[in-house]
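Okay, here's what each chain looks like letter by letter:
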Amino acid sequence: MARTPTRAEVRKQRMQQAVNFPLDWLEERSGLVGGVRYFLLRKVPGDTNWMQTLGSATLTAFLVQAITGVILAMYYKPTPTDAYPSIVNITDHVTMGWLVRGMHRWGASVFIILMFLHMGRVFLFGAYKYPRELNWIIGVLLLVMGMTEGFTGYLLPWDQTAYWATVVGINLNGTAPFLGPWLAQFLRGGQDIGGETLTRFYSLHMLVVPGAIIGLITLHLYLVIRLGVTSPPWSKEAAGTERADEPSTARAGLTRPVTRGAGGSD
Ligand code: HEM
């Protein structure tokens, strides 16, 4: 005869059911739980290096910028008369405003520096080579977007430094061949730097560029998961080493991958 479970066992069983029920519900309808489990438990090379945490560090810096930015947006007023006073209010009067603003301002530099360090690691490890070229290209777009975010954010305090730095930045862009004058006009939102420029920079800084960065990061991470992480250059499996075996022909899609240098017979 089956043993009657103890009260502790019954309690444990109930707890498990309470946790599993919503997870099973979600998994059955979306497959999300399996997806997250795959993401967290996927295999990475055994010789993965600390330098390979720089991408995640960059992601963390971006998330800090996003969170502190949303808080700042609750108090910031993007008009020429109100912008600077609202910044003073955030710094001097809003509870912990000085901290949130400081984190956002310094965090911007941290984000850019980490992005360059991560890019340097990818370069030194040869991780931009086949089949990760597309992820490098997405990375370059992320770098451009990251710097645009810094440039557009710099004007928002609307003080002398912000104003004149933007004059220099827009004039520099204006010297680019062909597109330069159009770009300068687009950034200014008119002939002069004024209220129109501030509104434009605010919209780019709050909506357009972060939206693009979030989309690009999603693609970037999708490719990191799909292609796997590269081994360091001193490993036998380092990026760019020729594969000995023919890739499986079972993976017939738009392209049929063949070993590089193998001639590409079908
Ligand atoms: C917002 C900026 C960025 C974020 C959040 C980000 C995030 C990440 C993460 C989490 C990884 C996997 C872990 C790692 O290798 O560190 C990764 C890999 C990679 N990233 Fe980035 N990245 C950014 C910018 C860039 C830039 C600027 C480049 C190059 C121009 C780049 C190129 C790559 C490449 C090629 C890989 C694959 C590396 C490998 O498989 O070893 N990323 N990125």
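Residues numbered from 1 in each chain as written. Predicted model: local features only at pLDDT ≥ 70, side-chain atom pairs only at ≥ 80, totals over all residues. Heavy atoms only, no water.

**Details of the overall build of the protein chain**
(1) Moving on: A count of helical and extended segments in the protein chain gives nine helices and zero strands.
(2) Moving on: Counting from the amino terminus, helix and strand elements in the protein chain follow one another as α-α-α-α-α-α-α-α-α.
(3) Moving on: Taking 2.2 N^0.38 as the reference for a compact globule, 266 residues should give roughly 18 Å; the C-alpha atoms of the protein chain span a radius of gyration of 25 Å, well beyond that estimate.
(4) Moving on: When its C-alpha atoms are laid out on the principal axes, the protein chain stretches across 80 × 65 × 35 Å.
(5) Moving on: Counting the 266 residues in the protein chain, one finds 28% classified as buried. (Helix = DSSP H or I, 4+ residues; strand = E, 2+ residues; numbered from the N terminus. Rg over C-alpha atoms; globule rule 2.2 N^0.38 Å. Buried < 20%, exposed > 50% of the residue type's maximum accessible area, 1.4 Å probe, protein only.)

**Let's talk about unusual backbone geometry**
(1) Moving on: Residues Y130 and P131 are joined by a peptide bond in cis, for which omega reads 5°.
(2) Moving on: In this fold, P131 is placed in the loop between α5 (97-124) and α6 (133-155).
(3) Moving on: Unlike most non-glycine residues, M96 shows phi in positive territory, near 60°.
(4) Moving on: With respect to the element layout, M96 can be found in the loop between α4 (83-92) and α5.
(5) Moving on: Looking at M96, the relative accessible area reads 46%, which means it is partly exposed.

**Digging into the coordination of the iron atom of the ligand**
(1) Moving on: Protein-derived ligands of the iron atom of the ligand are H118 (NE2) and H220 (NE2), with the metal-ligand distances lying across 2.0 to 2.1 Å.
(2) Moving on: Considering all six donor atoms around the iron atom of the ligand, the spread of angles at the metal, 86 to 178°, places the coordination shape in the octahedral class. Of the two residues, H118 sits in helix α5 while H220 sits in helix α9 (residues 195-227), which places them 102 residues apart along the sequence. Grouping residues by exposure puts H118 and H220 together as buried. (Donors = N, O, S within 2.8 Å, 3.2 Å for Na, K, Ca; no water. Tetrahedral: all angles 85-135°; square planar, octahedral: opposite > 155°, others 65-115°.)

**Some thoughts on the site of the ligand**
(1) Moving on: Near the ligand you find 25 residues, and of these Q52, H118, R121, H220 and T230 are the closest.
(2) Moving on: At 2.9 Å from an oxygen atom of the ligand is found a main-chain nitrogen or oxygen belonging to Q52.
(3) Moving on: With respect to the ligand, the side chain of R132 contributes an N or O atom lying 3.1 Å from an oxygen atom.
(4) Moving on: When residues in the shell around the ligand are grouped by element, the largest group, six residues, is from α5.
(5) Moving on: For the shell around the ligand, a count of residues per class yields 13 nonpolar, ten polar and two charged. (Near = heavy atom within 4 Å. Polar contact = N/O pair within 3.5 Å; in protein donor to acceptor, adjacent residues only side chain to side chain. Nonpolar A, V, L, I, M, F, W, Y, C, P; charged D, E, K, R; others polar.)

**Quick word on the side chain of E149**
(1) Moving on: Its location among the elements puts E149 in helix α6.
(2) Moving on: Although E149 lies buried, it forms no salt bridge, and the closest oppositely charged side chain, R105, sits 14 Å away as judged by the N-O distance.
(3) Moving on: If we skip the residues at most four places from it in the chain, E149 touches L204, H205, V209 and P210. (Lys, Arg positive; Asp, Glu negative; His and termini not counted. Salt bridge = Lys/Arg side-chain N within 4 Å of Asp/Glu carboxyl O. Contact = heavy atoms within 4.5 Å.)

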